[in-house]
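# Close look at the chain arrangement
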Amino acid sequence: TMAVPAQAYFQRATLNSQEGEVRTVVLQDADAGIIEALSCDSICSQYGRGHVHLMKCDPQSCQDGDGAKHRDNCYKDVNGRLVSLDEVSHVEFWRRAGFRDPCLELTQEVQESFMKCGARCMSDEHQLSNSSECLSHVLHAECGLSAGPYGQGFISESGHYFGCQHYRAIHHVLVADISESMGSVDAETENGEVIERIEALKMACLKYISERNIIYPLDFLSLIAFNDNTSPIFSGCFPRDEEYMERSVNDLQAGGRTFFYKAIAEAGHVIEAMENERPGQSDCAIIFFSDGEDLGREPNELALPALQDLLKARKSRG
């Protein structure tokens, strides 16, 4: 038999979180007095992977990290009042309590599971009993791109890293008009500054790339610049290559005439090349930037037939 500090009866509680990720906790109450910890091992085993304990925080030393995360007004006490508490991991709780962990007699696998995040992927593609679990440790910070092997799994909106994948990547093909008219100084920024159209184009491209990096890191991007010729600037870059893509976008210069059909035909070639390199791995989207009128007039210079050919080719691939 071993005593644990005051604050210590166990009660099931839940914390609301995004994507149906509900965390099981072991709730402590300061008025419960001292109880015997005979059943601590069975209780923690029942709550299992990723369970956390709640402790009153010390405002002078409260900080996240080392198996602890502060929660402001996320829990209610026995009187229904919102309270601020520290969530602490199983190991950290017993370290702070100053007592021997009563679960040390459990198997190594069970003990290790206490330190793993308990968030589950809630995709309908999983059977309830076979859902994917977050691969990070319990109480981890929001995951970034370095959470796991790039291109494997996904990072949820609430910052959990899952090894499964339910999102079909998209190949974003940016087609940018860099003809002479794009040098006109009549584009207005959000703060009212008047700049060249091509500078506004660069800002739009960079914003689009940055948003993919933040929200859809498994997507990939290509950029085609066109006037009366076409120039593939980069192809099949992942959003993590943002610095390289930014340099490439900033090097664009205005000049030449405007021929849409060449740009659309080149987009088709880039898409086909990526399909051959990464068969069946993605859908595609074309984002077309232009300020002007298509100068193609001859039958072999019309944009619509080129677009129709591209769409037929995509349909034939499914």
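Above this text is the structure in question.
Figured I'd write up the structure that's included with this text. (Residues numbered from 1 in each chain as written. Predicted model: local features only at pLDDT ≥ 70, side-chain atom pairs only at ≥ 80, totals over all residues. Heavy atoms only, no water.)

### Re the sheet that holds strand β12 (residues 230–237)
Heads up, the rule is: When DSSP locates at least two bridges between a pair of strands, those strands are taken to pair. Here a helix means four or more residues in a row that DSSP labels H or I, a strand means two or more in a row labelled E, and each is numbered from the N terminus. Note on definitions: angles span 0 to 180 degrees between N-to-C directions of axes, and those axes are lines fitted to C-alpha atoms, for helices only across the stretch in contact. Whether two residues are in contact is decided by their heavy atoms: any pair within 4.5 Å suffices.
One open sheet accounts for four strands, arranged β12-β11-β8-β13; its pairing is mixed. The open sheet has two free edges, formed respectively by β12 and β13 (282–289), since each of these has just one partner strand. Recorded for the sheet is a direction-independent mean angle of 15° between the axes of neighbouring strands. As defined by bridge partners, strand β8 (residues 169–177) adjoins β13 across eight bridges and the pair is classed as parallel. Across the sheet, residue His-171 finds its bridge partner in β13, namely Cys-284. With respect to the sheet, helix α4 (residues 197–215) is in contact with β8, β11 (220–226), β12 and β13, its orientation differing from that of β8 by roughly 175°. Its contacts with the sheet put helix α5 (residues 242–250) on β11 and β12, and the angle it makes with β12 is roughly 170°.

### Some details on the pairing of β8
Strand residues, when the strand is regular, have side chains that alternate between the two faces of the sheet. Put simply, the test is: Under the scheme applied here, a residue whose accessible area is under 20% of the maximum for its type counts as buried, over 50% as exposed, and between as partly exposed, the area being computed with a 1.4 Å probe on protein chains only.
With eight of its nine residues buried, β8 lies for the most part within the structure. For β8 and β11, the ladder comprises seven bridges, and the chain directions are parallel. Paired with Val-173 across the bridge in β11 is Ser-222.

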